[in-house]
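Descriptive structure summary
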Amino acid sequence: MVGLYTAVTRKGQSGAVYGAEEAVSIQDALRMYTANGPYLTFEENSKGTLEPGKLADMIVLDEDILTVPDEQLLTLRIDRTYLGGKLVYERKTRGQ
């Protein structure tokens, strides 16, 4: 989440903005962290996007990452983690 936040806001830990003109949209930042990595390592046929026949490693967040304010990216919580399409982590909520 720190990488996504930094790509979108260009803010460092101190809050200072570095290279504001290099900021990207959250959609572009997500693409950089999902589809682009496997493409660079020639693994795009098995990783990077959610499609039939791919590994299906993914997380489910507690908020919509595409609509939350940029500053909220660092406080999003992971509700579930799937590896190979199998649930491997589920955050406990009150009442569970």
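Details of the structure are given in the entry above.
Throughout what follows, the structure given in this document is the object of discussion.

Calculation rules
Residues numbered from 1 in each chain as written. Predicted model: local features only at pLDDT ≥ 70, side-chain atom pairs only at ≥ 80, totals over all residues. Heavy atoms only, no water. Pairing = 2+ DSSP bridges. Helix = DSSP H or I, 4+ residues; strand = E, 2+ residues; numbered from the N terminus. Axes fitted to C-alpha atoms, helices over the stretch in contact; angles between N-to-C directions. Buried < 20%, exposed > 50% of the residue type's maximum accessible area, 1.4 Å probe, protein only. Contact = heavy atoms within 4.5 Å. Salt bridge = Lys/Arg side-chain N within 4 Å of Asp/Glu carboxyl O. Patch = residues over 30% accessible without salt bridge, like charges linked within 9 Å, V, L, I, M, F, W, Y side chains within 5 Å. Areas by Shrake-Rupley, 256 points an atom, 1.4 Å probe, with all protein chains shown as cover.

Within the open sheet, the 3 strands sit side by side as E1-E2-E3. Their pairing is antiparallel. Each edge of the open sheet carries a strand with a single partner, namely strand E1 (58-61) and strand E3 (86-90). Neighbour-to-neighbour, the strand axes of the sheet open up by a mean angle of 20°, direction not taken into account. Pairing analysis gives 4 bridges linking strand E2 (residues 78-83) to E3, with the strands arranged antiparallel. Each residue of the ladder has a partner; that of threonine 81, found in E3, is tyrosine 89.

Among the residues making up helix H1 (residues 2-9), those that are buried are Leu4, Tyr5, Ala7, Val8 and Thr9. The secondary structure elements touched by the buried residues of H1 are helix H2 (26-33). At the C-terminal side of H1, arginine 10 shows a positive phi close to 65°.

On to the pattern of salt bridges, then. Counted according to the given criterion, the structure contains 8 salt bridges. One salt bridge connects aspartate 28 with arginine 31, and the closest N-O pair in it is separated by 2.8 Å. Taken together, the positions of aspartate 28 and arginine 31, both in helix H2 and 3 residues apart, correspond to about one turn of that helix. In this structure aspartate 28 comes out as partly exposed when scored by relative accessible area, which is 36%. We classify arginine 31 as partly exposed; its relative accessible area is 41%. The salt bridge partner of arginine 91 is aspartate 79, with a shortest N-O separation of 2.5 Å. Note that arginine 91 is positioned in the segment after E3 and aspartate 79 in strand E2, a separation of 12 residues in sequence. Like aspartate 79, arginine 91 is buried.

Side chains of Met1, Val2, Ile59, Leu74, Ile78, Leu83, Val88 and Tyr89 sit close together on the surface and give an oily, nonpolar patch of about 690 Å² of accessible area. Only E2 and E3 provide two or more residues apiece to the nonpolar patch. Mapped onto the fold, tyrosine 89 is located in strand E3.

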